[in-house]
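Examination of the molecular architecture
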Amino acid sequence: MNTISKIERNNSYLKVIWSDGKESQFNYLWLRDNCPTAHDKNTNHRMFNILEVSKNINPKKYIINKDGKLEIEWSEGEHTSYFDPKWLRENCYTLKNKTKYKSPYKLWDNSLKKNFKSICIDHDEIINSDKGLKKWLELLHYTGIAIVKNTPVKDKSAFPVLNRISHTRETFFKTPFEVINIPKPNNSAYTAHALRNHMDLPWFENPPGYQFLHCLINAAEGGDSSAVDGFAVAEYLKNNKIDVYKILTEVYLKFRDKDYTQDNHRGFHAPAIGLTKDKDYHDIRFSIATMDSLDCHPDLMDKVYKAHHEFGNLLHDDRFQIKFRMEPGDIFSFNNRRVLHGRTEFNPQSGNRHLQGYYIDRDEIIGRLNFLKLTNL
Ligand code: OGA
Ligand code: ZN
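Residues numbered from 1 in each chain as written. Chains lettered and ligands numbered in written order. Predicted model: local features only at pLDDT ≥ 70, side-chain atom pairs only at ≥ 80, totals over all residues. Heavy atoms only, no water.

Let's talk about the pattern of salt bridges
Two side chains with opposite charge may pair up if their charged atoms get near one another. For clarity, the threshold we go by: Any carboxyl oxygen of Asp or Glu that lies within 4 Å of a side-chain nitrogen of Lys or Arg is treated as forming a salt bridge with it. Numbering of helices and strands runs from the N terminus, with a helix taken as a DSSP run of H or I at least four residues long and a strand as a DSSP run of E at least two residues long.
Tallying each qualifying case throughout the model produces 27 salt bridges. Note that Asp229 and Arg338 form a salt bridge whose closest N and O atoms lie 2.9 Å from each other. Taken together, the positions of Asp229 in strand S13 (residues 225-229) and Arg338 in the loop between strand S19 (331-335) and strand S20 (339-343) put the pair 109 residues apart, joining distant regions of the chain. One salt bridge in this structure joins Glu310 and Lys241, with 2.6 Å as the shortest N-O distance. Remark: Lys241 occurs in the loop between helix H7 (230-240) and helix H8 (242-250) and Glu310 occurs in helix H9 (residues 298-315); sequence separation between them is 69 residues.

A look at the sheet that holds strand S9 (residues 177-179)
Rules: The rule for pairing is simple: two strands pair if DSSP sees at least two bridges between them. Structural elements are reduced to axes, namely lines fitted to C-alpha atoms, with helices fitted over the stretch in contact, and the angle between N-to-C directions of any two is expressed from 0 to 180 degrees. Pairs of residues are marked as contacts when any of their non-hydrogen atoms sit within 4.5 Å.
Here we have six strands laid out as an open sheet, ordered S7-S8-S19-S11-S22-S9, and mixed in their pairing. Only two strands of the sheet have a single neighbouring strand rather than two, namely strand S7 (120-122) and S9. Direction aside, the axes of adjacent strands within the sheet are offset by 25 degrees on average. Sheet topology places strand S8 (residues 145-149) next to S19; four bridges connect them, and they run antiparallel. Bridge pairing in S19 places Val148 opposite Ile331. Running at roughly 145 degrees to S8, helix H5 (residues 130-143) makes contact with S7, S8, strand S11 (210-218) and S19 of the sheet.

Overview of the nonpolar core
As a reminder, the rule being used: In these notes, a set of buried Ala, Val, Leu, Ile, Met, Phe, Trp, Tyr and Cys residues joined through side-chain atoms within 4.5 Å is what counts as a nonpolar core. Per-residue accessibility, obtained with a 1.4 Å probe over protein chains only, is compared with the maximum for each type, and a residue is labelled buried under 20%, exposed over 50%, and partly exposed between these values.
Core analysis: the biggest nonpolar cluster contains 79 residues, and Trp136, Ile165, Phe212, Ile273, Phe311 and Phe332 have the highest contact counts within it. Per element, the largest residue contribution to this core is six residues, and it comes from H5. In this structure Phe311 touches Gly230, Val233, Ala234, Leu237, Leu248, Ala272, Ile273, Ile284 and Phe286, once residues within four positions along its chain are discounted. Counting 19 residues, the second largest nonpolar core, distinct from the first, contains Phe26, Ala38, Ile72 and Trp74.

Below, the structure written as structure tokens:
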């Protein structure tokens, strides 16, 4: 374990030199705000209010005490803080900012089809063990896709396995939504038409993070599924067509829904490729069916449409997409804001086809996985 070898005082921070020679800066306001007594033991919320000390707070005295803790007597508030060096090292923002960011995502292309088994997991394994649940969540978070096999095929029978993760995300389509062909459909999913690779609900500010299509019956001719890793296609463009990539990350597109069953017009502007603070992929917005009439600047429109065209074609290119057929009992589960999904046309006269769809927010997937990672399984 690293111990503190030396401390130096500066204008706004203490410089800590560690036994392995590494150096950290700890800002005074940051230290005072993160005093171990600042948080309530039950809620874990901060009870201490940084706004009640001045911006000039600083250590009146500081030492490494006999327990090896950094002890700071503050210039105001008659307060002393005791910091565990292990905690300081783990939360050191100086070292964190020096480490190169590593993406958690495993990008994939059409070659995933050869390892299709690697993304399949048995329903009972998830129901009966946290290890199985963790494996499913890892597939969902890192690879963005998993097929749960052998789920019971009764009405709503995907609930128990989904609730192993958390609650579902409600939308006006209701939970589950029934994917069958209906007369006078309010969504193209509820027809027998082919669906081009798309995400669901791109017109929401926060589209559902994950989608689960539970296959109850797939006895009609056609209706085969497709999936494509939008992050992998974005990465390809970044490496090969940076101008197209720049347009897709910078220009805001527009999506909308005017569902005739709803007294509601929903719409949202977002770039086709959203990035995180580390410039990793955050999400993809792509849906030919529900992209609105774009309203970007006239000087950009031609470039934007050509970039959209190029991106859309790659999202349907057999180099990137995988094709498979869902069997009754499968739950095709995927990151709705990364992996685009589609299906071929089916013939409703030839047999029945019935899927039940569910959504779960991304916070629930990542939060549950974070929790399970802390438990030794
Ligand atoms: C959907 C959808 C795919 C299918 O309901 O959003 O894309 O295979 N369905 O029917
Ligand atoms: Zn869909």
